[in-house]
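Working through the structure, step by step
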Amino acid sequence: MADLSNLLKIPIVHNFLIEIGGETCPKLISLCNGSFTDEEIFNVLENDTKLTKIRSVLNKLHYKGIATYERTRDKNSGWYTYTWNIKPERIVELITQIHNESIEDFEKRLENEQNYIYFQCPNNCERMPFEIASEYNFKCPECNSDMQTTDNTQLIKDLKNTIKDTRKQIEEISKFKHLKPEEKIPVPSETAEPINSEETIITQKEKQTGTKLA
Ligand SMILES: [Zn+2]
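If you're wondering where the values come from, they're calculated on a predicted model, not measured in any experiment. (Residues numbered from 1 in each chain as written. Predicted model: local features only at pLDDT ≥ 70, side-chain atom pairs only at ≥ 80, totals over all residues. Heavy atoms only, no water.)

Describing the overall build of the chain
- Helix and strand counts for the chain come out as nine helices and six strands.
- Taking all 214 residues of the chain together, the buried fraction comes to 40%.
- Long-range pairs, those at least 24 residues apart, make up 63% of the contacts in the chain with a sequence separation of at least 6.
- Of the roughly 13100 Å² that the chain leaves accessible, carbon and sulfur atoms contribute 47%. (Helix = DSSP H or I, 4+ residues; strand = E, 2+ residues; numbered from the N terminus. Buried < 20%, exposed > 50% of the residue type's maximum accessible area, 1.4 Å probe, protein only. Contact = heavy atoms within 4.5 Å. Areas by Shrake-Rupley, 256 points an atom, 1.4 Å probe, with all protein chains shown as cover.)

Thoughts on the coordination of the zinc ion
- For the zinc ion, the full set of protein donor atoms is Cys 121 (SG), Cys 125 (SG), Cys 140 (SG) and Cys 143 (SG), and the range of their distances to it is 2.3 to 2.5 Å.
- Within one chain, the residues donating to the zinc ion are spaced in sequence as C-x3-C-x14-C-x2-C. (Donors = N, O, S within 2.8 Å, 3.2 Å for Na, K, Ca; no water.)

Side note on the environment of Asp 3
- Mapping Asp 3 onto the fold places it in the segment before α1 (4-9).
- For the pair formed by Asp 3 and Phe 176, sequence separation is 173 residues and the distance between their alpha carbons is 7.3 Å.
- Polar side-chain contacts of Asp 3 include one of 3.1 Å to the side chain of Ser 5.
- For Asp 3, the side chain forms a polar contact with the main-chain nitrogen of Asn 6, separated by 3.0 Å. (Polar contact = N/O pair within 3.5 Å; in protein donor to acceptor, adjacent residues only side chain to side chain.)

A word on the pairing of strand β3 (residues 80-86)
- Pairing analysis gives two bridges linking strand β1 (residues 36-37) to β3, with the strands arranged antiparallel. Note on β3: the bridge partner recorded for Phe 36 is Trp 84.
- Across seven bridges, strand β2 (residues 67-73) lies against β3 in antiparallel orientation. Bridge pairing links Ala 67 to Ile 86 in β3.
- Count of turn residues in the β2/β3 antiparallel hairpin: six residues, of which Gly 78 carries a positive phi of about 85°. (Pairing = 2+ DSSP bridges.)

Considerations on the nonpolar core
- Membership of the largest hydrophobic core comes to 34 residues, with the highest contact counts inside it found for Leu 7, Val 13, Leu 17, Ile 29, Leu 61 and Ile 66.
- When contributions to this core are tallied by element, the ones reaching two or more residues are α1, α2 (11-21), α3 (25-30), α4 (38-44), α5 (51-63), β3 and α6 (88-115).
- Leaving out residues up to four positions away in the same chain, Val 13 has contacts with Leu 7, Leu 8, Ile 91, Ile 95 and Ile 173.
- Grouped together as the second largest cluster of nonpolar side chains are seven residues, Phe 119, Ala 133, Cys 140 and Met 147 included. (Core = buried A, V, L, I, M, F, W, Y, C linked by side-chain atoms within 4.5 Å.)

Shown next, in the form of structure tokens:
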């Protein structure tokens, strides 16, 4: 089923999110189906991740266009509340873009491997195509050993497999490209304050973390 939890299970998605927002990022996103405030996420994570850390991850996701927010100001307290939304379709878009670029690089390399004869010395110094090796009179510029033609059959096979595998992964995540966040607010843990008394939550959380919403 093309839902957020299944999208997050795909290794390239999981790794991509860790790269962007660190180890907490995939878990944080898995809890963020629907609109939510950073305080609500703080409660759902059962206080094992600091509020400042949650905000930092959300800011990184915002920078990439994966998270969007609306800011509202409480008239009485003056505190700002941020209501966040995760855009799964943006995750798919970014990963597809990155992997399409990798495929282009791999294809270029494959083309070179198929069209040129490469030379290398027995000490496995730098490989080079015929044109460059001939300029060195087929003597390795690093160790001066004679350079021989290399067998790139395995390399070509590996490149073809990598391209095939990357395409397969892009196809897999493309099923999620129209995925929208569900209209669901995360349920706070039992010990957490009720979510409707926003003023109380914000002031208490700010005191706990010693930070101020700006
Ligand atoms: Zn050499």
